[in-house]
There are 2 protein chains.
Amino acid sequence: MRIVVALGGNALLHRGERPDAEPQRRNVLHAAEALVSLAGEHELIVTHGNGPQVGVLAMESAADPMLSRPFPLDPLGAETHGLIGYWLMQSLHNVLPHRRVVALLTQCVVDCADPAFTHPTKFVGPTYDEAAARALATERNWVVAPDGDAWRRVVASPEPLEVVEESVIRTLTDNGVLVVCAGGGGVPVLRHADGTLEGVEAVIDKDLTAALLAERLGADALLLLTDVSAVETNYGHADSSPIAVATAEELRSFGFATGSMGPKVEAACRFADRTGGVAAIGSLTDAAAVLAGAAGTRVIASRG
Amino acid sequence: MRIVVALGGNALLHRGERPDAEPQRRNVLHAAEALVSLAGEHELIVTHGNGPQVGVLAMESAADPMLSRPFPLDPLGAETHGLIGYWLMQSLHNVLPHRRVVALLTQCVVDCADPAFTHPTKFVGPTYDEAAARALATERNWVVAPDGDAWRRVVASPEPLEVVEESVIRTLTDNGVLVVCAGGGGVPVLRHADGTLEGVEAVIDKDLTAALLAERLGADALLLLTDVSAVETNYGHADSSPIAVATAEELRSFGFATGSMGPKVEAACRFADRTGGVAAIGSLTDAAAVLAGAAGTRVIASRG
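The written sequence of each chain sets the order in which its residues are numbered from 1. Labels follow written order: the first chain is A, the first ligand is 1, and so on. For a predicted model such as this one, the threshold for reporting local features is a pLDDT of at least 70, and the threshold for listing and counting side-chain atom pairs is 80 or more; totals across whole chains, interfaces and linings nevertheless cover every residue. Hydrogen atoms and water are omitted, and side-chain values are computed over all heavy atoms in the structure.

1. Some words on the pairing of strand E10 (residues 187-191) of chain A
Residues and elements named next belong to chain A.
- Of all five residues making up E10, four are buried, and the element is well covered by its neighbours.
- Note: strand E4 (residues 107-110) against E10, four bridges, orientation parallel. Counted as the bridge partner of Val 110 is Leu 190 from E10.
- Any two strands with at least two DSSP bridges between them are considered paired. Runs of H or I in DSSP of at least four residues are treated as helices and runs of E of at least two as strands, each being numbered from the N terminus. Pairing of E10 with strand E11 (residues 197-199), which is carried by three bridges, proceeds in the antiparallel orientation. Paired with Leu 190 across the two strands is Glu 198, which belongs to E11.
- Between E10 and the antiparallel strand that follows it, E11, lie five residues; Gly 195 among them carries a positive phi value of about 90°. Here the term buried applies to any residue with accessible area under 20% of the maximum for its type, exposed to any over 50%, and partly exposed to those in between, with areas from a 1.4 Å probe on protein chains only.

2. Examining the sheet that holds strand E11 (residues 197-199) of chain B
Residues and elements named next belong to chain B.
- Spatial ordering of the open sheet is given by E8-E4-E10-E11, a layout of four strands whose pairing is mixed. Edge positions in the sheet fall to strand E8 (162-163) and E11, since each has one partner strand and no second.
- Pairs of residues are marked as contacts when any of their non-hydrogen atoms sit within 4.5 Å. Axis geometry follows a simple rule: fit a line to the C-alpha atoms, using only the stretch in contact for helices, then measure angles between N-to-C directions, giving values from 0 to 180 degrees. This element, helix H5 (residues 73-95), spans strand E10 (187-191) and E11 of the sheet and lies at about 135° to E10.

3. Quick notes on the interface of chain A and chain B
- Contacts between the two partners involve 55 residues from chain A and, on the opposite side, 55 residues from chain B.
- Two parts placed together each lose some accessible area; with a 1.4 Å probe, that loss summed over both constitutes the buried area. For the pair chain A and chain B, the summed buried surface comes to about 4,400 Å²; carbon and sulfur atoms form 61% of the total.
- For salt bridges, the criterion is a side-chain nitrogen of Lys or Arg within 4 Å of an Asp or Glu carboxyl oxygen. The tally of links from chain A across to chain B stands at zero salt bridges.
- Definition of a polar contact: a pair of N or O atoms within 3.5 Å, with one able to donate and the other able to accept a hydrogen when the atoms are protein atoms, and with sequence-neighbouring residues admitted only if both atoms are side-chain atoms. Counting across the chain A and chain B interface gives 16 residue pairs in polar contact (both at pLDDT 80 or more).
- Going through the elements one at a time, helix H1 (21-34), helix H3 (51-62), helix H4 (73-95), strand E3 (100-103), helix H6 (166-174), E10 and E11 of chain A are the ones with two or more residues in the side of chain A that touches chain B.
- Sort the elements by how many residues they give to the side of chain A that touches chain B and H4 of chain A lands first, with 14 residues.
- The nonpolar class holds Ala, Val, Leu, Ile, Met, Phe, Trp, Tyr, Cys and Pro. Asp, Glu, Lys and Arg form the charged class, and all remaining residues, Gly among them, are polar. In the side of chain A that touches chain B, the residues fall into 27 nonpolar, 17 polar and 11 charged.

4. So, the nonpolar core
- Grouping buried Ala, Val, Leu, Ile, Met, Phe, Trp, Tyr and Cys residues that are joined through side-chain atoms within 4.5 Å yields what is termed a nonpolar core. Among the nonpolar cores identified, the biggest contains 80 residues, and Leu 104 of chain A together with Leu 104 of chain B are the most heavily contacted of them.
- What Leu 104 of chain B contacts, discounting residues up to four positions off in sequence, is Val 102, Ala 103 and Leu 104 of chain A together with Val 168, Ile 169, Leu 172, Val 179, Val 180 and Cys 181 of chain B.
- Residues Ala 78 and Val 189 of chain A together with Tyr 86 and Ala 103 of chain B belong to the second largest nonpolar core, which totals 54 residues.

5. Concerning helix H10 (residues 262-275) of chain B
All names here are of chain B.
- Expected span of a helix: the number of residues minus one, times 1.5 Å. Helix length check: H10, at 14 residues, gives a terminal C-alpha distance of 20 Å against a target of 20 Å (1.5 Å per residue), a fit within 8%.
- Among the 14 residues of H10, 10 are classified as buried, and the element is accordingly described as predominantly covered.
- Turning to H10, its buried residues number three or more, namely Gly 262, Pro 263, Lys 264, Val 265, Ala 267, Ala 268, Cys 269, Arg 270, Phe 271 and Ala 272.
- Turning to H10, the residues buried within the fold contact helix H8 (206-216), strand E12 (221-226), helix H9 (248-253), strand E14 (278-283) and strand E15 (297-300).
- Looking one or two residues beyond H10, the residue adopting positive phi is Gly 276, at roughly 70°.

6. Observations concerning the relation of the copies chain A and chain B
- Once turned by 180° and shifted 0.0 Å along the axis, chain A lies on chain B with an RMSD of 0.0 Å. The relationship between the two copies is best expressed as a two-fold rotation axis.
- Interface overlap between copies: 100% of the residues of chain A at the interface are likewise at the interface in chain B, consistent with a symmetric, same-surface contact. For the least-squares superposition of copies, only C-alpha atoms count, and only for residues with pLDDT at least 70 in both.

7. Quick word on the packing of aromatic side chains
- Aromatic pairs are defined between Phe, Tyr and Trp rings, using the six-membered ring for Trp, whenever the two ring centres lie within 6.5 Å; interplanar angles under 30 degrees are classed as stacked, those over 60 as edge-to-face, and all others as tilted. Going through the model one piece at a time under the given rule, you end up with six aromatic pairs over all chains.
- Plain terms: the ring middles of Phe 71 of chain A and Trp 87 of chain B are 6.3 Å apart, the flat faces sit at 45° to each other, and that makes the pair tilted. Highlighted residues: Phe 71 of chain A in the loop between H3 and H4 and Trp 87 of chain B in helix H5, drawn from two different chains.
- Residue Trp 87 of chain B is classed as buried on the basis of its relative accessible area, which comes to 3%.

No statement about biological role is implied by the geometric values presented.
And the structure:
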């Protein structure tokens, strides 16, 4: 089988952990170990989140006195591809000594007319007081919004439309190479009328890009692996219960929150509806059981 | 022809320029434009420096109050691969719309017994006063040394022995993909007896890695492109004169300085002596003429 795996950002930097290098490297190694049994039997394409890491680099860049202005999000995202891609490819090499492994930088095309650009919703970078946030909004053409008691920059999270490196990823997978790619959903770019690409200040949901890539590469399965064991009907409440299997239609009717299971559920539903392939959400440590349907939440195509 | 090109770090961040994102992106685009005529006729593998960029990230990491200690050089180097690789692959895509282009993260194996580790020579990161430098040396197991009036950390610059992703680079090149790789000479790693890899705090000379890669990939030419038009006999002096062509033996006899043309000359000499292929050093803006022998310095194999 050809399987696209999406690793949640929390698999790489655990909640509450400092963003130091060593714990992240160790977490990435554990993630790689959790994928060994799958990689032994299947073609794997591994994608990953980058939320905490891009936040750290955005803050460092904002604090750098050598810079006239902080780096935009597209080069910062590319830096996190380098960082996480390096750790992942080294760890996968170490646990799978007979596989060729490589990490690719990936660009993902979005539409400048995507409504997300008029209603940005994703917080990035440091917190400010309201006055400082409004001053930066004017100076840097940012959108800012309250986040709890503080203010932060908000950016758009547009729909992923095309993974620019798709055909290279296909060539490598066809040649038996385990590919790490589409980190953080890929670096968001616009494609102009003449075909040229330009980076854009946005973040893309990594699970939606993974679903797009899985569909385009003709993958048999899309596994969205995170630190929870299954999608639950009423997460965080006493009456919550795990969902073992549901149609895309049923799952969407629950209305999972954007900040929680929403994007994972939407990504799994799209892949199931568009391809009829295996789409599942579950714990990284149960990876093989999630593929087999013995753990996690399996999403099947809507009826009719 | 199959050509390995090494772009000098100064092609990406000009001397004296602030390390802001926008001028670097623009410089990278100009570098890509300078490679269009070569890429139109030949297979290209593009490598690049990362000295200024890794310095910036090392300083930002050292100043980050969220971290218990600054990131080691291997993940910082990987971040610069992401950054420069992204700009390069996007720019090359924009000037070569019909070529598939990709940027790969690259690891380069070095030997822990390399004498460079006992005599580190490469300055990295911020400057300190002597007392602070000595305190950090104790705390972080660094080697520090005077750099002009200030003190800085020094790290080893060991010999590149093996590009871990060599066979993936060959697969992609054989399939017509223009590959950007081996940024900053590759992330330095040790290979343990059981075959596993581990990052190591060092920097690798990017031109020496480019020469190794060119030899291993069976390249016909190695072009080391920078911001000077040729190697000169007595650079910076009134009686200096450009060298159009010389044997490796003759060039080595000049004893070029490690901090100046030394590594480029050594890289070109190794490739010429080991393969008999075209090895040349010259200006990025003259790339096609340097390949043709009409500009720059051509290095030919030593006689006998």
